[in-house]
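As a plain string of letters, each chain reads:
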Amino acid sequence: MASSIAFASSLALLRGKNHRNEDAAVSASSPNALFAAPLNFVRVSNNYRIRSCSRSVGVARAAAEVVDDRIAEKEEQAVKNRRVLRVGIVCGGPSAERGISLNSARSVLDNIQGEDFHVSCYYIDYNLNAYAISSAQVYSNTPADFDFKLESLAQGFQSLSEFAEHLTTSVDIVFPVIHGRYGEDGGIQELLEEYNIPFVGTGSNECRQAFDKYDASLELSKQGFITVPNFLVQGNEGNESELSKWFSRNQLDPYSGKVVVKPVRAGSSIGVKVAYGVLDSLTKADEIISEGIDDKVLIEIFLEGGSELTAIVLDVGSGLDCHPVVLLPTEVELQFHGSVDITEKDAIFNYRRKYLPTQQVAYHTPPRFPIDVIETIREGVSLLFQRLGLRDFARIDGWFLPNSVHMSSSSESKFGRTELGNIIFTDINLISGMEQTSFLFQQSSKVGFSHSNILRTIIYRACLRFPNLASFNSGSSHLPRRAKSAQISEAFSINESTRKVFVIFGGDTSERQVSLMSGTNVWLNLQAFDDLEVTPCLLAPTSEFVSGVDLNNKESDVSSRTVWSLPYSLVLRHTTEEVIAACMEAIEPARAALTSQLRNKVIDNLMEGLTKHCWFTGFDIADEPPRRFSLEQWIKLAKEVQATIFIAVHGGIGEDGTLQSLLEAERVPYTGPGVISSKTCMDKVATSLALNHLATLGVLTINKDVWRKEDLIKMPILGIWHDLTSKLQCETLCIKPARDGCSTGVARLCCAEDLDVYVKALDDCLLRIPSNSLSKAHGMIEMPNPPPDQLIFEPFIETDEIIVSSKSMNENGHHLMWKGRSRWVEITVGVIGKRGSMHSLSPSITVKETGDILSLEEKFQGGTGINLTPPPLSIISKEALERCKEYIELIANTLQLEGFSRIDAFVNVDSGEVLIIEVNTVPGMTPSTVLIHQALSEQPPMYPHQFFRMLLDLASEGST
């Protein structure tokens, strides 16, 4: 009880200093929290360049002010005439991309909320039922987290017509973020048009044409663009004879010719397959149709030897006048490391590679193409945007095929032919993904837009088309958010008016990509506070790790490890390797000069349109190079500027006490538990030993057996299996690295053959074990790299299967089914507070979508995995849940945890007893992690920026 009182007191203090005010469906903040002092643009030789200007508080800050007296006058008038714009975000939808849609909605909500914006959230489910949802639900991991309880949680509408009627009186403009069907095919747009509701984006007719890949291909060809030869399959009308002729016309072998098979009306990543020959192509087309993805399928030739690209286009015109400006395009490079099978070598930029962190893809912005090719791409995307009647913004995907790559075409006069090769546009994305590190934000930050600035620019541009919203454009204050991480030099100087925060992430464990997501999320959220100066920092992998050499003494010279201090745009990447590559590119003179040249040209193009709008007062992201330090130098710098370190490095030196020890030696405050607790919890065996004495109090531990990797490789597998099952007294085992992350390398082994597959993966240094390689069905298993020296075997704990479905309902009308035979379920729960008085948040029941082990992305990546927060009363009673939380707090206090941590366990739904799995002292802090769900379940709800601020304040309090 004492821990709960202390926690509530801390939360009350935080709310007193917080810069945002949020309720169930609306989030708002003060202008000081969202907006920046202006960046100074000086026009030199037709280019706008950023310079610094000092503020009265003493140290120079990034500012965004177009040097134009008329703009300044308009800005003053805007502040005087400020009105609140009511924005309705609509997410979800019936497509497989609805989880990504939720991620986009979350990102938009985070970055547009402010005193001048009143934001309401709406969700459309799989069956096109519409609901008004709380903003808290937008932070769910996946729609399945709340689909089954929508009727009790949300305001439902009897029909889409009733929903539209509600919007006419409740919002001024709708921002649809539904990806795929009903979002990009003209469905939601047609509804909004019928009721004369203003909305962001392209109209319904143009959406229909552009979303249909076959119709779009015909229109692009008609408009003079090169297109990829294709063949249409409709329903069960697959004509083998006609397809054979098409193969012949395109010089493809009818038995082995390589093609891409994809649905005509689905997102750019859903259901896309590679096929060989006529029969395989028709088989793959039938699979897409039978899976219900689409009843129309397109077969295209596979573009071998080309480079995939994508470009964001932004309309900066006025009213109905279109003035598209294409930002810096991105080159998409598929990469393969280690041992891969033939299907991976044939891989395409599919759903997993697009939305989940993976080393299989690298992005280059701008592309590594000749500058003439890049300019032709920009020209073509702009032309396409205009000719297809698109509006506000879009993302166009395509290919650059060097002259060495032959592709048959009916005309030599098509747009896209250059002296160096051909440019082909293949996919039109009318509602581009808006996750934190999406192409929209990667490309816009390169030319000076923060997340908030680009989204608000898109919304205000859309308002220009609607006369009834004209007052928002003449009297709104669109001041760019202060870019607190933009000026790296300022982060390294003492300023008494602001508190320095260094957010560190990365490292060299297999969880480094999750760490990047966590650190990025923390950095973006902490920028909401005026009194903080937040700098993102990447802990680079050791050089031995990068080169693939196994580490024998990786702790021997930790202080010489490299830390990069990052400018805004370089943080927005999917992998740590990509961030480091971008850092090296940024400091390479020729590459940096090319990027600067292209950036200035794009800025110049943008300013031609944006300077005409009173709501735009400049860019708020400076173009700066990264800075490189040794870890020792970085810590001394943190001490010098009195910074607090927010640790988001999962595993390795970030979680085993090493980094904590280095910081304590210099008396630099940091988030999370101290050295001893970190060391104990990182060692899963030591954690069990530290808790063994609590067995009579309701806290149980799992028996473990530790093996060296070398012994597993050398000894007979059958003998090892018999020894383990006999010693642990079980039939199936759970294997996991002894000192690695909580999800990497974890697998269920049902027989000696499974153990053999796993050990061979270790011996071959595989980066992943493919789905269903073991005897029991499972998803892809990400493996530690380099392989761990020690592994732990435990009895596999059987829990009751929980089924969450939006398509099947039980007799009570809910989409949740649980038989409850074993009475044990798996939970994960965050603990927060001071040492000795830790408070348990509401546990989450974790639901596995495939197999028996939660995958890395199911735990941390938005749009995947299911978490039930708080646990449904139909599964665990309120009394048992309270006892469970008491046991969790007992565990936390016994281990001397402080700040925050996450505890994974099994709980008995009748007694509340817990069976501990592991403790994570640097838990995942990604945008949709369960810690966020649990904080939002507190009363009153604690939103992400409030949650991270509390963790930061706990670090400062602990250091005093």
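Note that the structure is a prediction, hence the values are computed from the model and not measured.

A few points about the nonpolar core
Alright, step 1. Judged by nonpolar contacts, the single largest core of 156 residues is most densely connected at L606 and F646.
Alright, step 2. Those residues within four positions of L606 in sequence are excluded, and the remaining contacts are L314, V316, V325, L327, V447, F449 and F619.
Alright, step 3. Within the second largest apolar cluster, 35 residues are counted, among which are A880, C884, I888 and A892.

Some thoughts on the packing of helix α8 (residues 187-194) against helix α9 (residues 204-211)
Alright, step 1. Contact geometry for α8 and α9: axes closest at 8 Å, N-to-C directions at 170°. Relative to α9, the element α8 lies roughly antiparallel. In this structure, α8 uses Q189, E190 and E193 to contact α9, whose residues at the interface are S204, C207 and R208.
Alright, step 2. Of the residues belonging to the contact of α8 with α9, the class tally is 1 nonpolar, 2 polar and 3 charged.

A word on the packing of aromatic side chains
Alright, step 1. Within this structure, the stated rule accounts for 20 aromatic pairs.
Alright, step 2. Between F646 and F900, the ring centres sit 6.2 Å apart and the planes meet at 50°, which makes this aromatic pair tilted. Within this pair, whereas F646 is found in strand β28 (residues 644-647), its partner F900 is found in strand β42 (residues 899-908), the two being separated by 254 residues in sequence.
Alright, step 3. We classify F646 as buried; its relative accessible area is 0%.
Alright, step 4. On the accessibility criterion, F900 (2% relative accessible area) is buried.
Alright, step 5. The cationic tip of K258 hangs over the ring face of F302; the distance from NZ or CZ to the ring centre is 4.1 Å.
Alright, step 6. Positioned above the aromatic ring of F117, the side-chain terminus of R456 is 4.2 Å from the ring centre.

Observations regarding the sheet that holds β28
Alright, step 1. Strand order in this open sheet of 5 strands is β27-β26-β25-β24-β28, and the pairing throughout is mixed. Bordering the open sheet on either side are β27 (627-630) and β28, each of which pairs with just one other strand. In this sheet, neighbouring strand axes are inclined to one another by 30° on average, regardless of whether the strands run parallel or antiparallel.
Alright, step 2. Bridge analysis of strand β24 (residues 499-506) against strand β25 (residues 532-539) gives 8 bridges, and the strand direction is parallel. Bridge pairing in β25 places I504 opposite C537.

As for the state of the cysteines
Alright, step 1. Following the criterion strictly, the structure yields 0 disulfides and no others.
Alright, step 2. Between C91, a cysteine without a disulfide, and C121, which holds the nearest cysteine sulfur, the sulfur-to-sulfur distance is 7.0 Å.
Alright, step 3. You can call C91 buried: its relative accessible area is 1%.

Focus: the confidence of the model for the protein
Alright, step 1. Averaged over all residues, the pLDDT of the protein equals 83, while 79% of them reach at least 70.
Alright, step 2. Confidence over residues 480-486 falls short of pLDDT 50; this stretch has 53 contacts with residues more than four positions distant or in other chains.
Alright, step 3. Below a pLDDT of 50 lies the segment residues 850-864, which in the model reaches 72 contacts outside its immediate sequence neighbourhood of four places, other chains included.

Overview of the environment of F425
Alright, step 1. Position of F425 among the secondary structure elements: in strand β23 (residues 421-429).
Alright, step 2. The exposure class assigned to F425 is buried, which follows from its relative accessible area of 4%.
Alright, step 3. In sequence terms F425 and L309 are 116 residues apart; their C-alpha atoms lie 8.9 Å from each other.
Alright, step 4. Among residues more than four places away in sequence, those in contact with F425 are L220, F225, I226, I377, G380, V381, L384, I396, D397, G398 and F415.

Here is what the cut-offs are and how they apply
Residues numbered from 1 in each chain as written. Predicted model: local features only at pLDDT ≥ 70, side-chain atom pairs only at ≥ 80, totals over all residues. Heavy atoms only, no water. Core = buried A, V, L, I, M, F, W, Y, C linked by side-chain atoms within 4.5 Å. Buried < 20%, exposed > 50% of the residue type's maximum accessible area, 1.4 Å probe, protein only. Contact = heavy atoms within 4.5 Å. Axes fitted to C-alpha atoms, helices over the stretch in contact; angles between N-to-C directions. Helix = DSSP H or I, 4+ residues; strand = E, 2+ residues; numbered from the N terminus. Parallel < 35°, antiparallel > 145°, perpendicular 65-115°, else oblique. Nonpolar A, V, L, I, M, F, W, Y, C, P; charged D, E, K, R; others polar. Phe/Tyr/Trp six-rings, centres within 6.5 Å; stacked < 30°, edge-to-face > 60°. Lys NZ or Arg CZ within 6 Å of the ring centre and 35° of its normal. Pairing = 2+ DSSP bridges. Disulfide = S-S within 2.5 Å. pLDDT = per-residue confidence, 0-100.

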